[in-house]
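An overview of the molecular structure
Chain residues, written in single-letter form:
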Amino acid sequence: MSHTENTPLLEVRNLKKYFGKKDRVLHAVDDISVTIQQGKTLGVVGESGCGKSTLGRTVLRLLEPTDGQIIFDGQDITHVSEREMRKYRQSMQIIFQDPYSSLNPRKSVAEIIATPLKVNHICKDRASLQKRVRELMDTVGLAERLYDAYPHELDRRQRICIARALAINPKFIVCDEPVSALDVSIQAQILNLLMDLQDEMGLTYMFITHNLAVVKHISDVIMVMYLGQCVEIAEADELFANPQHPYTKALLDAILKPVIGAN
């Protein structure tokens, strides 16, 4: 089934991911149902441990679901084999929270970005591979002089992660707290880059964060999670203007507001 304008790119139905056995079971993701339209961003917000990252990884089948359905681009991928998942993984990528731990310190910038291109046999020869890597570096704002640099030499490490995620032209990217480890000034740069890339490439995001100011900036729809469950979901402006659930109200009340006239 091919994707049409009215079909969500991603549809999750009653998704569950439990850890443990018998009387010691953690309901990390507990009966979540949500859709994301092509080219839109679903923000997933909640405190640490609420199941946000587990949801993102389960949607990508990096973790196997306990129950429920994952429908991507019109296809039910919940139980497809690992071999079948490979073709879907070209369309589904992830940007991890911590660029320190998600980048191999022994590989150069070029080698890291080239890895998915090599694994998926995207480029026919070395020249086309190098050309594609340079194109991706340019797309995310990495200067060509950094081609042979190593991650620890850069203060823009998260841009390497984004370039790697974009390498095989995905449709859908899980952004798992991609700016939480960054300075505020760099956070804004990365957020603007992600939004620009979305406009240019028609990307669809699941943007996971605990930061409500960030999620409002980038999201079309926001889902609030608490103890593995969706307690509220609404369009971004509506959620901030008229929160319904007490937990959502508590999160909004916790946002630091500037004090006018403070010394």
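Coordinates for the structure precede this section.
Residues numbered from 1 in each chain as written. Predicted model: local features only at pLDDT ≥ 70, side-chain atom pairs only at ≥ 80, totals over all residues. Heavy atoms only, no water.

**Overview of the side chain of Ser219**
Here Ser219 lies in the loop between α8 (212-218) and β9 (221-226). Under the relative-accessibility criterion, Ser219 is labelled buried at 9%. Here Gly43 takes part through its backbone nitrogen, which lies 3.5 Å from a polar atom of the side chain of Ser219. Here the side chain of Ser219 touches Val215 through a polar contact of 2.8 Å, landing on its backbone oxygen. (Helix = DSSP H or I, 4+ residues; strand = E, 2+ residues; numbered from the N terminus. Buried < 20%, exposed > 50% of the residue type's maximum accessible area, 1.4 Å probe, protein only. Polar contact = N/O pair within 3.5 Å; in protein donor to acceptor, adjacent residues only side chain to side chain.)

**Regarding the pairing of strand β8 (residues 204-209)**
A regular strand places its side chains so that they alternate between the two faces of the sheet. With six of its six residues buried, β8 lies for the most part within the structure. In β8, alternate side chains face the same way, and those of Thr204, Met206 and Ile208 on one face and Tyr205, Phe207 and Thr209 on the other are all buried. Both strand β3 (residues 41-45) and β8 contribute to a ladder of five bridges, which runs parallel. If you follow Thr41 over to β8, its bridge partner there is Tyr205. Pairing analysis gives five bridges linking strand β7 (residues 172-176) to β8, with the strands arranged parallel. In the sheet register, Asp176 faces β8, and the bridge partner there is Ile208. Handedness of the crossover is the feature at issue here: the chain leaves β7, passes through helix α7 (residues 184-201), returns alongside β8, and the resulting connection is right-handed. (Pairing = 2+ DSSP bridges. Right-handed = clockwise from strand over helix to strand, strands pointing away.)

**Looking at the pattern of salt bridges**
Taken as a whole and judged by the stated rule, the model has eight salt bridges. One salt bridge in this structure joins Glu177 and Lys52, with 3.9 Å as the shortest N-O distance. Taken together, the residues span a long stretch of sequence, with Glu177 in the loop between β7 and α7 and Lys52 in helix α1 (residues 52-59) at a distance of 125 residues. The same class applies to Glu177 and to Lys52, which are both buried. In this structure, Glu144 and Arg134 form a salt bridge, with 2.9 Å as the shortest nitrogen-oxygen distance. Taken together, the residues span a long stretch of sequence, with Glu144 in the loop between α5 (126-139) and α6 (157-166) and Arg134 in helix α5 at a distance of 10 residues. Judged by its relative accessible area of 54%, Glu144 falls in the exposed class. (Salt bridge = Lys/Arg side-chain N within 4 Å of Asp/Glu carboxyl O.)

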